[in-house]
Amino acid sequence: MRSHLRAWAPRSLALLSTAVFAATPPSASVRMSLSGPFERLAALHAPMERRTVIVGHPIRVAVGLKVGQPAVRVTARQPFEAKVGVVVIKALSGEIWTARRVAGAPARTEFVVALRSFRPSERSSALSLAGQWRQRGYQAGVVATGIRMGIVPRLSRESATGKARVVLLHDNRCLLAHAGRFKNEAAAADCVQALISAGQSPWIQERIAAPQGGIVALIGPDGRERSRGEHITFSSRGPLRVLDMPGDDTRPRRFQNGREYQGAIHARFDRTGQLAVVNEIELEAYLRGVIPAEIPTSDPDAAIRALAVAARSETLSKMSRGHAGQPFDLCADSHCQAYSGLAQQCRATNMGVDATRGEVVARAGGLVEAVYCDTCGGRTESIENVWSTDANPSLVATEDRPGRGPFLSLPPTEDLVTRWLHSNPPAFCRDGATGQNPMYRWTVEMSGPTLDAAVNAAYNVGRVRALEPLERGLSGRIKLLRVVGEKGQVLIQKEGPIRKALGNLRSALFVVEARPGPDGTSRSWRFHGAGWGHGVGLCQTGARAAARAGFGYREILAHYFRGTTVARAYL
Ligand SMILES: [Zn+2]
Ligand SMILES: [Zn+2]
């Protein structure tokens, strides 16, 4: 890791800038697309040629605080207002106003079994692949996904008039050649099984075929309805308090009267046709609420800054994708990034965010999707082994200790993985604050019936007889698992589905032993594993240890995100 120091000594940060795609775009289109989060999310459903959005200063992000609600209650310590369509209604400080669902319809979703993704310019190749699968009897075709997202990197008069320089931040537009579009997931899963057996690596992409909608009513503090519309927005000069937020395990009392958030609070329809509570907030203010929810506020400055830069990059990446048909970019728990509004903010983490304002992880002038997880277990994993996505030279398997580059060219054998998991080798993430990090090496015992129930919740294979890892990634994480049951067998691909099928294991980096049960016939299972989370990118516990050992935040980021530098996306 020290070796990165020399490669890497920028005095001042370059502005992320290689891909200026519209230096003088038609002003009308810029004005239209200096978009807020909801316009941006709508672009995800537009035809391919309209999938370009430009976000202006300040960048605003939409965070889903809660979904599935019949009503949302909001108050504030200062006057606030509620907007329903064009109607604006003033509220006094301390009043509790309610957005109540009157009627709502869920989104219609479909499950696309994707075969391969193509660039927008490769339409003919995509169509030709789909044609081949149609000849084999599949209902194959091509669908468009993703958006191209640019930003106006500095606040200026030009950005208001639509003449600003625009920097391309992300272009994940692609055409998916698929083997079929299905109304339900089980049918898509059957198609996936058939394709895996035919040697393919398909994945399921869920899409919104028709968006959700409904009517929501605004109820005053006296219980009378004041207005109704398709959605309601609460705003104020100061923070808004959302009532009835779920308690926090460690501090349940503190949040029983709700949580405070900067920015606007929206009541909008979620994909099930119930209400979602969405916090629309400036990106930098959002990050102040993420870092203390993700890591201990006592972490060293370098670890806090490294996470702030990674989280900013990750947020900007997620802004170009949306959250599976929901009316927000990211959810507020660890699925995307934990976020607790103003509740846990403190000086140290706010300073870490402010000191890195606008900084992102970059490679060749482009944004890197700087993912992170709690504990890698000693080795991080290459991204394509974990998710259905292309390989990324910055997200490659790495040993989580100093001075090691990418370490293996071939996945380890079962024997090597077994020995490695039963040992306790040195790594940044091995040591926690007080002794060994319990997530570094772990053992989970599972009874036969417990495992059977977990597996059969998604795969109807009957009592499980064997779990056979068929392919592993470079860190040892299982990529392909065969589950043999009394009624049949199933192949499970990628770490997320594997962990879920086995009762939400901490990671897919494990070996498993079958053990005879007490009655001699039923079995139990013992998993020896390492790490917590997907294992790609930055290891949070490792970054903490590296910071304690004296590494700076840029060194830490350069260690976990290979070949990258820190650049400024905006000022
Ligand atoms: Zn999420
Ligand atoms: Zn680690």
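Details of the structure are given in the entry above.
This write-up is about the structure you can find in this document. Remember, it's a predicted structure, so these values are computed and weren't measured experimentally.

What counts, and at which threshold
- Residues numbered from 1 in each chain as written.
- Chains lettered and ligands numbered in written order.
- Predicted model: local features only at pLDDT ≥ 70, side-chain atom pairs only at ≥ 80, totals over all residues.
- Heavy atoms only, no water.
- Donors = N, O, S within 2.8 Å, 3.2 Å for Na, K, Ca; no water.
- Tetrahedral: all angles 85-135°; square planar, octahedral: opposite > 155°, others 65-115°.
- Helix = DSSP H or I, 4+ residues; strand = E, 2+ residues; numbered from the N terminus.
- Buried < 20%, exposed > 50% of the residue type's maximum accessible area, 1.4 Å probe, protein only.
- Pairing = 2+ DSSP bridges.
- Axes fitted to C-alpha atoms, helices over the stretch in contact; angles between N-to-C directions.
- Contact = heavy atoms within 4.5 Å.
- 1 Å grid on protein atoms, 1.4 Å probe; cavity = no way out; pocket = protein on both sides within 12 Å on 5 of 7 lines; lining within 4 Å.
- Points joined across faces, edges and corners; volume = space filled by probe spheres on them.
- Nonpolar A, V, L, I, M, F, W, Y, C, P; charged D, E, K, R; others polar.

**Examining the coordination of the zinc ion (ligand 2)**
Protein coordination at the zinc ion (ligand 2) comes from Cys376 (SG), Asp400 (OD), Cys429 (SG) and Cys539 (SG), with a distance range of 2.0 to 2.4 Å. Coordination at the zinc ion (ligand 2) is tetrahedral: its four donor atoms span angles of 105 to 118° at the metal. Linear spacing of the donor residues for the zinc ion (ligand 2) on their chain is C-x23-D-x28-C-x109-C. Taken together, the residues Cys429 in the loop between α10 (414-421) and β24 (442-447) and Cys539 in strand β30 (residues 538-539) connect sequence positions 110 residues apart.

**Structural notes on the coordination of the zinc ion (ligand 1)**
Under ideal tetrahedral coordination, the four donors around a metal are separated by 109.5 degrees; under ideal octahedral coordination, the six donors are separated by 90 or 180 degrees. Coordination sphere of the zinc ion (ligand 1), protein contribution only: His323 (NE2), Cys331 (SG), His335 (ND1) and Cys336 (SG), at 2.0 to 2.3 Å. Take Cys336: its relative accessible area is 8%, and that puts it in the buried class.

**A short note on the sheet that holds strand β25 (residues 464-472)**
Strands belonging to one sheet form pairs held by backbone hydrogen bonds; the direction of such a pair is parallel or antiparallel. On the basis of which strands lie adjacent, the open sheet formed by three strands has the order β25-β26-β27 and antiparallel pairing. Lying at the two open borders of the sheet, with one neighbouring strand each, are β25 and β27 (489-493). Taking the axes of each pair of neighbouring strands and ignoring which way they run, one obtains an average angle of 20° across the sheet. In the sheet, β25 pairs with strand β26 (residues 478-485) via seven bridges, with the strands oriented antiparallel. Bridging from a neighbouring strand, Glu468 pairs with Arg482 of β26.

**Side note on the sheet that holds strand β12 (residues 203-210)**
The strand order across the open sheet built from four strands is β8-β11-β7-β12, with neighbouring strands paired in antiparallel fashion. Of all strands in the sheet, those with a lone pairing partner are β8 (141-145) and β12, marking the two edges. On average, adjacent strands in this sheet sit at an angle of 50° to one another, irrespective of strand direction. Inspection of the sheet shows strand β7 (residues 108-118) paired to β12 by seven bridges, in the antiparallel sense. Looking at the pairing, Val112 lines up with Gln205 of β12. Along the sheet, helix α4 (residues 123-135) makes contact with β7, β8 and β11 (174-182), crossing β7 at roughly 110°. Helix-sheet contacts for helix α6 (residues 185-197) involve β7, β11 and β12, and the interaxial angle to β7 is about 20°.

**Notes on empty space enclosed by the protein**
Evaluation of the coordinates by the stated rule reveals one cavity of 30 Å³ or more. Roughly 30 Å³ of internal volume is contained in the largest cavity. If you trace the largest cavity, you find it lined by Ile295, Ala303, Ala306, Leu307, Leu538, Gln540 and Ala543. At the level of elements, α8 (301-319) and α13 (540-548) are the ones that each hand at least two residues to the lining of the largest cavity. By residue number, the principal contributor to the lining of the largest cavity is α8, which donates three residues. Tallied by class, residues from the lining of the largest cavity come to six nonpolar, one polar and no charged.

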